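Understanding the architecture of this molecule
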Amino acid sequence: MNGNFRLGSLFGIPFYLNASWFLVLLLVTWTYGNGLATQFPDLIGIGPWFLGLGTAILLFGSVLAHELGHSLVAMQQGIEVKSITLFLFGGLASLEEESKTPIGAFAVAIAGPAVSILLWALLSYIGMMLPVGGPIAAVVGLLAIINLYLALFNMIPGLPLDGGNVLKAAVWKVTGNRYRGTRIAARAGQVVGGVAISSGILTISIWNVLIGWFLFQNAGRAFQSAKIQEELSRYTAADVVTEGYLVIGLNDSLRQLANQAIPYQGKVSSFLVVDEQGHLVGSVNLEDLNTVSTMQWPKVPVKEILQPTLSSPVVQSNQSLLDIVALLDKEKLQTIAVVKESGVLVGLLEKAAIRRLLQHSIAAA
Ligand SMILES: [Zn+2]
């Protein structure tokens with residue numbers, strides 16, 4: 001997301017504020033400060049707005065606590081939390097991966113609302129202890145309600161809301177298919193978004209339209225990504241690898257290498273190298289051809305310019321495309337070498353080939 005400011009980190013999780021959040025800070029400070037000024041004429045000077053700012057910051061603390069709830073449960077399951085970001089519509093904990101089981105997914109989803117409910121109970125209790133009618137009691141009472149609202153709103157059963165993740169976990173548990181869970185919860189999220197947009201138009205509430213649009217868009221994205229992931233999980237590297245592509249033998253001559261490289265001039269910078277048994281032993285940089293005079297090429301074998309250690313990782317031919325796409329994205333690679341269990345090289349897998357497969361299979365579905 002653009003316009004994020006890093007505030008620091010909590011439990012090792014980098015923590016950001018989106019620029020849009022400052023709009024909320026200003027709005028809450030201003031409107032609530034004004035409210036307090038009318039309600040409590042005894043508050044003098046900037047007192048009401050100072051309390052308004054305090055409320056806004058505690059509101060922010062409440063959203064943060066909610067996101068930390070999700071994050072800490074995810075971390076317990078060994079999932080890395082990349083960041084927590086607070087923005088216009090609330091907070092977002094960005095997780096490296098999903099839970100491995102429906103029960104795990106349910107625990108992560110419910111942890112946020114559970115924290116909000118606890119805060120609501122705690123603040124309500126503190127509110128009861130405070131002298132009735134004072135400005136502090138008013139602030140505590142408001143924060144209690146905000147936390148209750150945070151829990152209830154987030155439990156609406158549609159993605160990207162927590163309730164959507166609970167629904168997804170339930171469908172996953174019942175059907176044994178996580179993608180089906182995501183698809184159903186995402187469709188529910190689109191309905192929720194649609195209802196919010198319609199109600200916003202009917203009641204002329206820009207806020208409802210904005211939130212509805214945000215939910216609708218994100219639910220649509222979740223649906224698409226579940227569909228793609230489900231497709232990817234059906235295939236393995238063996239299905240898209242191009243056999244023998246950009247591969248040269250250890251004892252082949254540099255002349256043969258240069259000949260094979262001609263069609264890829266300017267597009268490809270290296271070839272994979274295999275020994276007589278077909279095992280991957282390293283790679284050659286086409287640039288290194290220039291270190292040997294052209295006259296010598298027919299006599300010099302590829303192993304003279306071999307780079308024995310592969311700089312990029314390799315994958316097994318029976319590995320799921322879902323894992324491979326994640327690896328390609330993480331390592332920012334366009335191609336990856338595919339080997340059999342025996343270590344024999346199958347060939348090179350291109351990201352573009354996966355894209356073509358997806359276009360083909362989703363169009364056919
Ligand atoms: Zn949540």
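Within each chain, residues carry numbers counting from 1 in the order of the written sequence. It should be noted that, the model being predicted, local features are given only for residues of pLDDT at least 70 and side-chain atom pairs only at 80 or more, the latter also being counted only at that level, while totals for whole chains, interfaces and linings use all residues. Side-chain figures throughout are based on the complete set of non-hydrogen atoms in the structure, without hydrogens or water.

The next thing to look at is the domain arrangement of the protein chain. The domains assigned to the protein chain are domain 1 (1-155), domain 2 (164-233) and domain 3 (237-364). Domain delimitation follows an automatic or database domain assignment. Just the C-alpha atoms count here: the centres of domain 1 and domain 2 sit 23 Å apart. At the interface, 15 residues of domain 1 touch twelve residues of domain 2. Put simply, buried area is the surface a 1.4 Å probe can reach on two separate parts but cannot reach once they are joined, added for both. Interface area for domain 1 against domain 2, summed over the two sides, is near 1,200 Å², with a carbon-plus-sulfur share of 76%. Any carboxyl oxygen of Asp or Glu that lies within 4 Å of a side-chain nitrogen of Lys or Arg is treated as forming a salt bridge with it. If you look at where domain 1 meets domain 2, you find two salt bridges. The residue Lys168 makes a salt bridge to Glu98 at a minimum N-O spacing of 2.4 Å. Any N or O atom pair separated by 3.5 Å or less is treated as a polar contact, with the protein-specific requirement of one donor-capable and one acceptor-capable atom, and with residues adjacent in sequence counted only for side-chain atom pairs. Our count for the contact surface shared by domain 1 and domain 2 stands at two residue pairs in polar contact (both at pLDDT 80 or more). Among the elements that take part in the side of domain 1 that touches domain 2, helix H3 (residues 102-129) stands out by supplying six residues, more than any other. Residues count as neighbours in contact if any of their non-hydrogen atoms are within 4.5 Å of one another. Helix and strand definitions here come from DSSP, where helices need a minimum of 4 consecutive H or I residues and strands a minimum of 2 consecutive E residues; each element is numbered from the N-terminal end.

All right, on to the coordination of the zinc ion then. Donor atoms (N, O, S) are those found within 2.8 Å of the metal centre, with the cutoff raised to 3.2 Å for Na, K and Ca; water is not part of the atom list, so apparent gaps in a site can occur. With distances of 2.0 to 2.6 Å, the protein atoms coordinating the zinc ion are His66 (NE2), His70 (NE2), Asp162 (OD) and Asp162 (OD). Geometry is assigned from the angles between donors: four donors with all angles from 85 to 135 degrees make a tetrahedral site, four or six donors whose opposite pairs exceed 155 degrees while the rest stay between 65 and 115 make square planar or octahedral sites respectively, and everything else is labelled irregular. For the zinc ion, the four donor atoms in the first shell make angles of 56 to 149° at the metal, a pattern classed as irregular. Taken in sequence order, the residues that donate to the zinc ion follow the motif H-x3-H-x91-D. Of the two residues, His70 is situated in helix H2 (residues 47-76) and Asp162 in helix H5 (residues 162-175); the sequence distance between them amounts to 92 residues. Comparing His70 with Asp162, the two get one shared label, buried. Residue exposure (1.4 Å probe, protein chains only): buried if accessible area is under 20% of the type maximum, exposed if over 50%, otherwise partly exposed.

Turning our eyes to something else, we now look at the pairing of strand S3 (residues 81-87). Among the seven residues of S3, six are classified as buried, and the element is accordingly described as predominantly covered. Any two strands with at least two DSSP-identified bridges between them are counted as paired. Here strand S2 (residues 13-18) runs beside S3; their pairing, made up of three bridges, is parallel. Pairing of Tyr16 across the sheet is with Thr85, part of S3.

The nonpolar side chains of a soluble globular protein tend to be buried with one another. Nine residue types can take part in a nonpolar core, namely buried Ala, Val, Leu, Ile, Met, Phe, Trp, Tyr and Cys, and a core is a set of them joined through side-chain atoms within 4.5 Å. Ranked by internal contacts, the top residues of the largest apolar core, which has 33 residues, are Phe15, Trp21, Leu36, Phe60, Ile84, Leu86 and Val139. If you list the elements that add at least two residues to this core, you get S2, helix H1 (19-39), H2, S3, H3 and helix H4 (135-154). If one sorts the elements of this core by residue count, H2 sits on top with nine residues. Apart from the residues within four sequence positions on either side, Phe60 is in contact with Leu7, Phe15, Leu17, Trp21 and Leu86. Membership of the second largest hydrophobic core comes to 27 residues, among which are Ile248, Leu250, Ala258 and Ala337.

A few words now on H3. The span you would expect from a helix comes to 1.5 Å times its residue count less one. Under the 1.5 Å per step criterion, the end-to-end length of H3 is 41 Å for 28 residues, consistent within 8% with the ideal 40 Å. Maximum bend of H3: about 35°, positioned at Ala111, with proline Pro113 one to four residues after it. Within H3, the full set of buried residues consists of Pro102, Gly104, Ala105, Val108, Ala109, Ala111, Gly112, Pro113, Ser116 and Leu123. Close packing links the buried residues of H3 with H2, strand S4 (90-95), H4 and H5. Two axes enter the bend calculation: one fitted to the seven residues ending at the residue in question, the other to the seven starting there, and the bend is the angle between them.

We now examine the pattern of salt bridges. By the definition in use, this model includes six salt bridges. Linking Arg234 and Glu231 is a salt bridge whose minimum nitrogen-to-oxygen distance equals 2.7 Å. Among the residues examined, Arg234 registers a relative accessible area of 55% and is labelled exposed. Put simply, Glu98, Lys168 and Arg178 are held in one network by salt bridges that share partners.

What follows is about the pairing of S2. When you tally the buried positions in S2, you get five out of six residues, the bulk of the element. Pairing geometry for strand S1 (residues 4-10) and S2, over six bridges, is antiparallel. Along S2, the bridge assignment pairs Leu10 with Ile13. The hairpin formed by S1 and S2 contains two residues between the paired strands, and Phe11 there has a positive phi angle of roughly 50°.

Two rings from Phe, Tyr or Trp (for Trp, the six-membered ring) form a pair when their centres are within 6.5 Å of each other. A pair whose planes differ by under 30 degrees is stacked, one over 60 is edge-to-face, and the rest are tilted. All chains considered together, the criterion is met by six aromatic pairs. The interplanar angle of 55° and the centroid separation of 5.0 Å between the aromatic rings of Trp21 and Phe60 together place this pair among those described as tilted. Within this pair, whereas Trp21 is found in helix H1, its partner Phe60 is found in helix H2, the two being separated by 39 residues in sequence. Classification of Trp21 as buried rests on a relative accessible area of 7%. Over the ring of Phe223 we find Arg187; its NZ or CZ atom is 3.6 Å from the centre of that ring. Whether a charge sits over a ring comes down to the Lys NZ or Arg CZ being within 6 Å of the ring centre and within 35 degrees of the ring normal.

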